[in-house]
Amino acid sequence: MKKLNEIPAPLYEIEEEIVQYLNNIFEQQEKNRVINAISNKVRSSLLLDRVLKNIFFEINSLIDIEGIGLFLYNEKTDSLDVGFKGYKGCQIDSIGFNQIAGDVVDSLKSGKQFVDNTVEKFFSDKSLVEKINSNIEIKTFVITPMVYRGKFIGLIAVYGAKQIINSQLDLLQNISDKTSIAVFQAQLFSELKHKNDKDQNLYKQAQKRDEMKNEFLMNISHELRTPLNSIIGFSKILASRDNENFTPKQIQYVNNILVSGEFLVKLINEFLDLSKIEAGVLDLTYEWFNSKSVIYEVMSILYETAKEKDLNIEFDLKNIYINADKKRFTEVMYNLISNSIKFSNNNGVIILSNKDLGNSVYVEVADNGVGISEEQKGNIFNKFVSYAGAREGTGLGLPLSKKIIEMHRGNIYFESVPNELTRFWFVIPKDYTCKEKSEQQIEKVGEKTNI
């Protein structure tokens, strides 16, 4: 067997190259293992402070150097704000990009690592350079950008009196590459959490204001109704007495007081009902009644108003009994029919109909009046909105009707072609204990009305 000094030189050199090659492979495998372990640990949390803390301690355990700082990019101020620091000497909390050399800024934002043995080439702000140099000795100054999908999100600063080797520079770059996504995700999570907390706080404030508003409206409505009822009562007495002692103008004044008082009471009642519904304190009183009879009763109340316009009222009503709040059902029908009369042209047509949908009842009011413009359709159920440019009315009838129907677990719909066909229809369960209803039946019946 040949001794080592007897092995030919070329063969000995080949053996050394093989050993070196294997050592490189093992080193690379170990580096990959370390980097992956760091990446997994850092990405195990979505809390930004914890992510930055993990990055800091992993770098600190691998690289023996005095100063390590993690800075995050602030787009609003175009500056770098400290995210986590653990270094001696100068305590820097924020660095403006105007304090950094212009060519270095461009290099950082493109993801290139900055390495030098001084801070002079990095900072353009001389006073900052003097401040740093007066507090700590620097022989190594390394800035490694954190970039995710082309977006600059911050940097890792490593500096001190100790030298740093190339393998450690590569390690810093690999740590930055692997942990940038964790920092980005943590920032995004923090922003979303902050926005959600802010939205929740705003929602609670709005809810509180709404509750206070509803309570105020309910209280003031009760206070106003008492004197108004007295005014209306005395006005009716004056209007019903022998008018010999009144001049025509005085009679007109009494009638104006009566009409205005009744209008105000109606407005206050609608305010009060809406406030109760929105506050969740309006209770429905259910009873069985004939929907056809109620619609006829409402029309009889409004008959004289319709007669003034020579309107042709058509009925397509069936005896359909429902278990609902009769008073509120009557209120909805009054609002829909009075609107139809109000916005009908002279000699117009109004059709009142109902249909039995099995578990539900379908009710429709249709006319060929002025209708609703496209601009108004999106706001028709909003409070204080009157369609067709009407100056009369409270603008509360439709939103109140919608709320009442929804309290009955129903829905209200409408369609309008100005001066041709305008119709409102709603569907509610015939019995409030039965929740089922057929949307196909609703659409099928809704297609049948023609004027």
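A short tour of the structure in this document, coming up. The shown structure was predicted, so the numbers you read here are calculated from the model rather than taken from an experiment.

Cut-offs and rules
Residues numbered from 1 in each chain as written. Predicted model: local features only at pLDDT ≥ 70, side-chain atom pairs only at ≥ 80, totals over all residues. Heavy atoms only, no water. Helix = DSSP H or I, 4+ residues; strand = E, 2+ residues; numbered from the N terminus. Buried < 20%, exposed > 50% of the residue type's maximum accessible area, 1.4 Å probe, protein only. Contact = heavy atoms within 4.5 Å. 1 Å grid on protein atoms, 1.4 Å probe; cavity = no way out; pocket = protein on both sides within 12 Å on 5 of 7 lines; lining within 4 Å. Points joined across faces, edges and corners; volume = space filled by probe spheres on them. Core = buried A, V, L, I, M, F, W, Y, C linked by side-chain atoms within 4.5 Å. Lys, Arg positive; Asp, Glu negative; His and termini not counted. Salt bridge = Lys/Arg side-chain N within 4 Å of Asp/Glu carboxyl O.

## Quick look at the overall build of the protein chain
Looking only at helices and strands, the protein chain features 12 helices and 13 strands. Looking at the protein chain residue by residue over its 451 residues, the buried ones come to 40%. Summarising the internal contacts of the protein chain: among those between residues at least 6 apart in sequence, 66% fall at separations of at least 24.

## What about empty space enclosed by the protein?
Tallying each qualifying case throughout the model produces three cavities of 30 Å³ or more. Of the volumes computed, that of the largest cavity is approximately 130 Å³. Lining the largest cavity are 14 residues, and of these Phe71, Ile95, Phe123, Ala157 and Tyr159 sit closest to its centre. Of all the elements in the fold, those that place two or more residues in the lining of the largest cavity are strand E5 (140-148) and strand E6 (151-160). Of the residues forming the lining of the largest cavity, the biggest block, three residues, is contributed by E6.

## Focus: the environment of isoleucine 277
Residue position: isoleucine 277 is located in helix H6 (residues 248-279). Taking C-alpha positions, isoleucine 277 is 8.5 Å from methionine 407, a pair spaced 130 residues apart along the chain.

## Describing the layout of surface pockets
Here the second largest pocket is characterised by a volume of approximately 470 Å³. Along its surface, the second largest pocket is lined by 17 residues, and Tyr73, Asn74, Glu75, Gln187 and Glu191 are the ones closest to its centre. Elements with a minimum of two residues in the lining of the second largest pocket: strand E1 (67-74), strand E2 (79-85), E6 and helix H5 (166-240). Considering each element in turn, the lining of the second largest pocket owes the most residues, five residues, to H5.

## Some thoughts on the nonpolar core
One finds Phe329, Met333, Ile337 and Phe426 to be the most contacted residues of the largest nonpolar core, which totals 40 residues. Per element, the largest residue contribution to this core is six residues, and it comes from helix H9 (residues 326-342). Beyond its immediate stretch of four places on either side in the chain, isoleucine 337 contacts Ile295, Val298, Met299, Leu302, Leu352 and Val365.

## Comments concerning unusual backbone geometry
Outside of glycine, negative phi angles account for most residues, and trans bonds account for most peptide bonds. For arginine 149, which is not glycine, the phi dihedral falls at a positive 50°. Tracing the backbone through its elements, the reader meets arginine 149 in the loop between E5 and E6. The backbone of asparagine 347 sits at a positive phi, close to 65°, despite the residue not being glycine.

## Focus: the side chain of aspartate 325
When you line up the elements, aspartate 325 lands in strand E9 (residues 321-325). Here aspartate 325 is buried and forms no salt bridge, its nearest opposite-charge partner arginine 328 lying at an N-O distance of 4.6 Å. Sequence-distant contacts of aspartate 325, defined by excluding residues within four places in its chain, comprise Asp283, Leu284, Thr285, Tyr286, Phe289 and His408.

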